[in-house]
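Survey of secondary and tertiary structure
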Amino acid sequence: QVQLVESGGGLVQTGGSLRLSCAASGRTFSVYAMGWFRQAPGKEREFVAAISGGNTYYADSVKGRFTISRDNAKNTVYLQMNSLKPEDTAVYYCAATQATALLTIRAYNYWGQGTQVTVSS
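Now for a description of the structure that goes with this document. Computed from a prediction, not measured in an experiment: that's the story for all the values here.

Conventions we followed
Counting of residues starts from 1 at the beginning of each chain's written sequence and follows it residue by residue. Thresholds applied to this predicted model are a pLDDT of at least 70 for local features of residues and 80 or more for the giving and counting of side-chain atom pairs; totals over whole chains, interfaces and linings are not thresholded and use all residues. Water and hydrogen atoms play no part in the side-chain values, which are based on all heavy atoms of the structure. Among the buried residues, those of types Ala, Val, Leu, Ile, Met, Phe, Trp, Tyr and Cys that are joined through side-chain atoms within 4.5 Å form a nonpolar core. Under the scheme applied here, a residue whose accessible area is under 20% of the maximum for its type counts as buried, over 50% as exposed, and between as partly exposed, the area being computed with a 1.4 Å probe on protein chains only. A run of H or I in DSSP counts as a helix once it spans at least four residues, and a run of E counts as a strand once it spans at least two, with each numbered from the N terminus. The contact rule is simple, with two residues in contact once any of their heavy atoms fall within 4.5 Å. Any two rings among Phe, Tyr and Trp, with Trp reduced to its six-membered ring, count as a pair given centres within 6.5 Å; such a pair is stacked if its planes are under 30 degrees apart, edge-to-face if over 60, and tilted if neither. The rule for a charge over a ring is simple: NZ of Lys or CZ of Arg within 6 Å of the ring centre, and within 35 degrees of the ring normal. Only when DSSP finds a minimum of two bridges between them are two strands counted as paired. The angle between two axes is taken between their N-to-C directions and runs from 0 to 180 degrees, where each axis is a line fitted to C-alpha atoms and a helix contributes only its stretch in contact.

Points about the nonpolar core
Most often, soluble globular proteins have nonpolar side chains that are buried together. One finds Leu4, Met34, Trp36, Leu79, Met81 and Tyr92 to be the most contacted residues of the largest nonpolar core, which totals 38 residues. Sorting the residues of this core by element identifies β3 (18-24), β4 (33-39), β5 (46-52), β7 (66-71), β8 (76-81), β9 (90-97) and β11 (115-120) as the ones contributing at least two each. With residues up to four places along the chain from it excluded, the contact list for leucine 79 reads Leu18, Arg19, Leu20, Trp36, Val48, Ala49, Phe66, Thr67, Ile68 and Tyr92.

As structure tokens, then:
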């Protein structure tokens, strides 16, 4: 069982930056691949980024602006978000999986409660 708690969301102007954190419980954090997803009002939840071992994956919409990283000693995964746009406004969720289909929502077994990111124009 893994429990995930996100933090770091907030209100930021267009072009600004935020760093989201996701703290995980348990002693086996390192065996999980971690992902970030987001859900905007009226839209489906979508993949943002994932990290597995030394590999990272990004949605085209955030590539070059967002960076996912993890600190296994702290049981934490991060999402550094730069050059934010109004269309990045959403609730951001972190998730954990031991599956290999990292871009697929259904692959993830554990989810946090989400943190709101609002980008003003």
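The discussion continues.
A short note on the packing of aromatic side chains
Counted under the stated rule, the structure contains 6 aromatic pairs. Geometrically, the ring pair formed by phenylalanine 37 and tyrosine 108 is edge-to-face, given 4.9 Å between the ring centres and 80° between the ring planes. On the criterion of sequence distance, the pair formed by phenylalanine 37 in strand β4 and tyrosine 108 in the loop between β9 and β10 (110-111) is long-range, its members being 71 residues apart. This pair shows no difference in class: phenylalanine 37 is buried, exactly as tyrosine 108 is. An aromatic cluster is built from Phe37, Phe47, Tyr93, Tyr108 and Trp111, whose rings are joined through pairwise contacts. Positioned above the aromatic ring of tyrosine 93, the side-chain terminus of arginine 45 is 3.7 Å from the ring centre.

Let's talk about the sheet that holds β8
Pairing in this open sheet of 4 strands is antiparallel, and the strands run β1-β3-β8-β7 from one edge to the other. Every other strand in the sheet has two partners, leaving β1 (4-7) and β7 as the edge strands with one partner each. Taking each pair of neighbouring strands and ignoring which way they run, the sheet shows an average axis angle of 15°. Direction of pairing for β3 relative to β8: antiparallel, over a ladder of 6 bridges. Residue pairing across strands places leucine 20 opposite leucine 79, the latter belonging to β8.

Considerations on unusual backbone geometry
For asparagine 75, which is not glycine, the phi torsion reads 55° and is therefore positive. Position of asparagine 75 among the secondary structure elements: in the loop between β7 and β8. With a phi angle near 50°, serine 83 is a residue other than glycine that sits in the positive phi range. Mapped onto the elements of the fold, serine 83 is located in the loop between β8 and β9. Given the relative accessible area of 42%, serine 83 is considered partly exposed.

Things to note about the side chain of asparagine 75
Since its relative accessible area comes to 17%, asparagine 75 is described here as buried. When near neighbours in sequence (up to four residues on either side) are disregarded, asparagine 75 contacts Cys22, Ala23, Ala24, Ser25, Gly26 and Phe29.

Structural notes on the pairing of β4
For β4, the tally of buried residues reaches 6 of 7 residues, placing the bulk of the element in the interior. Relative to β9, β4 runs antiparallel, the two sharing 7 bridges. Each residue of the ladder has a partner; that of phenylalanine 37, found in β9, is tyrosine 93. Pairing analysis gives 5 bridges linking β4 to β5, with the strands arranged antiparallel.

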